[in-house]
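The chain contents come next:
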Amino acid sequence: MDPYYLALTTVTLASIYGLLALGISIIWSSLGMINMAQGFTFAVSGYGAWLVAQSLSSNGFAVVAGGLVTGALAGALIGAIAFIPLYDKPNFPLRSLIATLAISMLGAQTLLWLFGPRVKALPKIFGYGSFHIGTVVASHEKVGSIVCSVILLLVTLAWMKRSRRGLEIRAMMQNPEGAALVGVGLRSTAMAVMAVTGAMAGLAAVLLSQNYFVSPYAGTTPLVKGMVVALAGGLGSISGALIAALLVGLIEAVTAVTLGGQYVLITQFLFIIAVLLIRPRGIAGMIEHTRE
Amino acid sequence: MPPDMPQEALADTQAAPPATVAAPRPRAATLPIGRRRVLPSLRGHGGASWQRQRYPFTRRTPLLFATRYNPLTLAAERQLLDPRPVLWLVALAVLAVAPPLFGDNSFVAASTTFEMFAAINLVWMLQIGTAGIFSLASLATVGVGAYGTAALSVYAGFPWWAMWLVGPLFGLAFGVIITIPAVRLEGFYYALLTVGIAELCRVYVIQSQPLGAANNGLFGADGFVPDSMRERPGLVLGFYAGFALMLGGLLLYRVVNGQRLGRLLRAAPERHEAFAEALGINYRAARIRVFLISSAGLGGIGGFYATLLHGASPSLFTIDQLLLLLAMIVIGGIGTAEGAVVGTLIVVLLDKVFIGLGPIRLILIAGIMLGTVLFLRGGLFGIPAQYRAWRGMKRSERRAARSDREGETMPEEAIEIADKQAIVVKRFDARLRAELRRLISDALIEEHRTSAGKRRSDTLERVLAYFRSAAVTDKYAILAVKPFAEYRIVALSGRRGVPPRVVDDQVFATPEAARHGVFCKRVQDLMDS
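Residues numbered from 1 in each chain as written. Chains lettered and ligands numbered in written order. Predicted model: local features only at pLDDT ≥ 70, side-chain atom pairs only at ≥ 80, totals over all residues.

1. Observations concerning the overall build of chain A
The test is simple: Each helix is a run of DSSP H or I of at least 4 residues and each strand a run of E of at least 2, with the numbering of both proceeding from the N terminus. Each radius of gyration reported is based on C-alpha atoms, and the globular scaling rule is 2.2 Å times the count of residues to the power 0.38. Backbone-placed C-beta atoms define the burial measure: a residue is buried with 20 or more other C-beta atoms within 10 Å of its own, exposed with 12 or fewer, and partly exposed in between. Whether two residues are in contact is decided by their C-beta atoms, placed from the backbone, lying within 7 Å.
For chain A, the helix and strand inventory stands at 12 helices and 2 strands. Each helix and strand of chain A, ordered N terminal to C terminal, gives the series α-α-α-α-β-β-α-α-α-α-α-α-α-α. At 19 Å, chain A has a C-alpha radius of gyration in line with the 19 Å of a compact globule built from 292 residues. Principal axes of the C-alpha set define a box for chain A whose edges measure 55 × 50 × 35 Å. A buried classification covers 53% of the 292 residues belonging to chain A. Within chain A, counting contacts between residues at least 6 apart in sequence, those at least 24 apart form 76% of the total.

Quick look at the structure:
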């Protein structure tokens, strides 16, 4: 087992899982909503990037921008449908969960209807070259996706820490009612959260589509993985999500090397169930009652 | 008038009672309001209506009749309080007869699918509604039952009846496995985990060669429809087996939800667990028991699935199929058996009968699901309760918006008062007072002061006639403290043995002045009312 290869694969996977899990985690902690439509955002941003590549230009920046913008728009749409009308209604958590599930079903079928079942391929935005790190061959693609997602993660974290809007989001995470009392607009903040997390999913879609294809159901597996990573990290915790993304990525890499690709999901699940049995709130999760 | 009012103010009001009379305000528009539950009523109730039939070993009556006398005709009546059993019977009878008689082959097959999904949803409703465990691994449990029994049939030669017997065991085993995290996790953590478990099963089944990865499913299991049967009788046999399965699902729902376990859990709803625990209800054990029972039920349905379709396919584990099932119970309404069945009916109808529409029909289903969850609190069968809540809200809004009710009974209150005559009297009184208030003027009061013992004007007589007809309770009277020297105004208690109470400190020297004082007081009360 080559440690360099392992490290590279781990970091690649962790960066993409981190993007997905962080989105789910932030949405849950600030909006109190489980966004099961994150997979739809993922799929629709893939199509957005594909449309940009087809009709405008296949320049890497244009494709990434296409994915980001489509993701942000899809996220805002989900927020407008599932959060804004429901957040002050009784039984909000369950109803918003079902609403986002309905949106993901609606979205997948609409994509299937509009674009047909044939998968689409995105242009290789990082080129085909590769270089050596230690003993391992690192393709531009892998390094490019690591760099891109790390940049987006850092930008998001800095924005959450430094900006006014980020302060509002963090206030809403800690105590939504208190935030509303001191003048944080719940609706506008929620829409900002949805747009930013949507953009994160959009970037993840463009990056993952370098290896896989764009299809109406492309979002399912990333959704499930992002969700369980967020779960293992603890819903609502940013650092927990990142730690969990690294651990799950490591387990996936180790399993793929030692046991074989078909056991990846099983070992991941065993790990996550073990984590949750020991710490029911995840690695660094907030206690649910705190949020209430 | 408050008793501590200063004397000057009193004198002031006596001298110049409010002369300005408000013009009659236009009455607020009222909407027709009522609380009429239209119940079918049968003629007569004799001694027979007191002898209720009961389900064996329970205290449940099949049909609950209330006896009463019609308030209008005074005829004896019987009313069926809960018509749902009758509706269930009619619906099930139609379902049992209509598809095999009138449907073509594809319709009978779709009806069988409906019955199977209805059974799954009924048992799943036990997990979500009764036990309150939001498990999304219901279809995965069915899948485990189907794959397990199909594998036993393919590799060990189990016949169909043995598959039916073994199916619940697979479901139970899977249920035990997925219950372990449920002990520790709460709410959404568990929901997300079960989605992941279903995905795990799907990936495993797709990749496992013994479970038919190459053929897109494990097929070749024994079926309960004999091979010698022709197509139509085979379909009809499948339909009736599915019907029996659905009845079994209904029975299980009824037994678990309606009996002791269900009652225990109804006493421990979400956020009130601590209270239930304080009452000695072990709600965790009850939840897990319901979960395991329903898992076994789902496994049994999986066994049925395998014998009906001669195998199992990975589509049982896909999120799309799960979402379709979730759409069914969400549209019908979580927590009721009729919601599970009617939601299934709607979705299967859209899905199977309008199959020519392609993806649009699924878009339609998802749209209905989204609309339901956005606008309805409890699905289709929650509409009556939601409507009542909405109407109550509107009613209280309207009640609050009306600042002055002018002594009248509001329509919202009127439906709660049995003696309608009292309402009429009150309304007449209010209108009469409004009419009399218009007659009061300074000149009238002056006339009363000066015309003691003389003939009075018609207007004044009208006012006095109304005052004289007042009820004895709280009626003003004159108390002669010292005859021809000191008179005071008192109010009668209206009850025997309870003396009149002194109204204020005013002292009058003559009976005429005292009478005028009473008149002024009554005028004051009239203007205030």
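Next comes the rest of the description.
2. Concerning the overall build of chain B
Looking only at helices and strands, chain B has 19 helices and 8 strands in total. Evaluated residue by residue, chain B yields a buried proportion of 33% over its 529 residues. Long-range pairs, those at least 24 residues apart, make up 68% of the contacts in chain B between residues at least 6 apart in sequence.

3. Remarks on the interface of chain A and chain B
Where the parts come together, the accessible area they lose is often given as the size of the interface. Put simply, the rule is: Residue type decides the class: Asp, Glu, Lys and Arg count as charged, Ala, Val, Leu, Ile, Met, Phe, Trp, Tyr, Cys and Pro as nonpolar, and the leftover types, Gly among them, as polar.
Every contact between the two is made by 33 residues of chain A and, on the other side, 31 residues of chain B. Within the residue set of the side of chain A that touches chain B, elements represented by two or more residues are α4 (92-115), α9 (220-233) and α11 (264-278) of chain A. Among the elements that take part in the side of chain A that touches chain B, α4(A) stands out by supplying 14 residues, more than any other. The class makeup of the residues in the side of chain A that touches chain B is 26 nonpolar, 5 polar and 2 charged.

4. Topic: the packing of α9(A) against helix α10 (residues 238-258) of chain A
Residues and elements named next belong to chain A. In plain terms, the rule: In this analysis, axes come from line fits to C-alpha atoms, helices being fitted only over the stretch in contact, and the angle between any two N-to-C directions falls in the range 0 to 180 degrees. These descriptions rest on fixed angle ranges, namely under 35 degrees for roughly parallel, over 145 for roughly antiparallel, 65 to 115 for roughly perpendicular, and the rest for oblique. For a crossing to be left-handed, the near helix must be turned anticlockwise from the far one by less than a right angle; the clockwise case is right-handed.
Taken N-terminus to C-terminus, the directions of α9 and α10 make an angle of 120 degrees; their axes are 7 Å apart at the nearest point. Regarding the angle of α9 to α10, the classification is oblique. The two elements α9 and α10 meet at a crossing, and its hand is right-handed. Taken together, the residues of α10 that come into contact with α9 (itself represented by V229, A230, A232 and G233) are G240, A241, I243, A244, A245 and V248. Broken down by class, the residue content of the contact of α9 with α10 amounts to 8 nonpolar, 2 polar and no charged.

5. Quick notes on unusual backbone geometry
All names here are of chain B. In this model, D474 sits at a positive phi of 65 degrees, which is unusual for a non-glycine residue. Here D474 lies in the loop between α18 (458-468) and β6 (476-482). Even without glycine at this site, F484 takes up a positive phi of about 65 degrees. Looking at where F484 falls in the secondary structure, it is placed in the loop between β6 and β7 (486-491). F484 sits in the exposed class, given 9 other C-beta atoms within 10 Å.

6. Let's talk about the sheet that holds β6(B)
Residues and elements named next belong to chain B. The test is simple: The rule for pairing is simple: two strands pair if DSSP sees at least two bridges between them.
If you trace the 3 strands from one edge of the open sheet to the other, you get β6-β7-β8, paired in antiparallel fashion. Of all strands in the sheet, those with a lone pairing partner are β6 and β8 (501-502), marking the two edges. In the sheet, β6 pairs with β7 via 6 bridges, with the strands oriented antiparallel. From the neighbouring strand, Y476 faces β7, where its bridge partner is A491. Sheet contacts for helix α19 (residues 511-528): β6 and β7; angle to β6, the most-contacted strand, approximately 150 degrees.

7. Focus: the sheet that holds strand β3 (residues 76-80) of chain B
To summarise the sheet geometry, strands pair through backbone hydrogen bonds and adopt either a parallel or an antiparallel arrangement. All names here are of chain B. As summarised here, the arrangement of the 3 strands in space is β1-β3-β2, forming an open sheet in which the pairing is antiparallel. Two strands close off the open sheet at either side, each with one partner strand: β1 (41-43) and β2 (65-69). Between one strand axis and the next, the sheet turns through 35 degrees on average, direction left out of account. For β2 and β3, the ladder comprises 5 bridges, and the chain directions are antiparallel. Residue pairing across strands places R68 opposite E77, the latter belonging to β3.

8. Observations concerning the confidence of the model for chain B
Residue and element names in this part refer to chain B. Counted only if it meets this: Residue-level confidence of the predictor, termed pLDDT, takes values from 0 up to 100.
Chain-level statistics for chain B give a pLDDT mean of 83 and a share of 89% at 70 or above. The least confident element of chain B is helix α1 (residues 7-15), whose mean pLDDT is 40; the most confident is helix α17 (residues 442-450), at 93. Under a pLDDT of 50 for its full length, residues 1-22 has, in the predicted model, 20 contacts with residues more than four places off or in other chains. The ipTM, which scores confidence in the relative placement of chains, is 0.85 for this predicted complex, and the corresponding pTM is 0.75.

9. Let's talk about the environment of B:L316
All names here are of chain B. By the element assignment, L316 lies in the loop between β5 (311-312) and α11 (319-332). Its 24 C-beta neighbours within 10 Å are what place L316 among the buried residues. As a C-alpha pair, L316 and V203 span 113 residues in sequence and 12 Å in three-dimensional space. Leaving out residues up to four positions away in the same chain, L316 has contacts with L139, V142, G143, A146 and Q321.

10. Some remarks on the environment of B:Y283
Here B:Y283 lies in helix α10 (residues 283-309). Not counting chain neighbours up to four residues away, the residues in contact with B:Y283 comprise B:L264, B:L265, B:A268, B:E273, B:A276 and B:E277.

11. Brief notes about the nonpolar core
What counts, and what does not: Take the buried Ala, Val, Leu, Ile, Met, Phe, Trp, Tyr and Cys residues, join any whose C-beta atoms are within 7 Å, and the set you get is a nonpolar core.
Ranked by size, the top nonpolar core spans 201 residues in total, and within it A:A102, A:L203, A:A204, A:L231 and B:A327 carry the most contacts. When residues no more than four places from it in sequence are discounted, the contact partners of A:A204 are A:I16, A:L19, A:L20, A:F42 and A:P222.

12. Thoughts on the environment of B:V373
Structurally, the position occupied by B:V373 is in helix α13 (residues 359-375). Taking C-alpha positions, B:V373 is 74 Å from B:A480, a pair spaced 107 residues apart along the chain.

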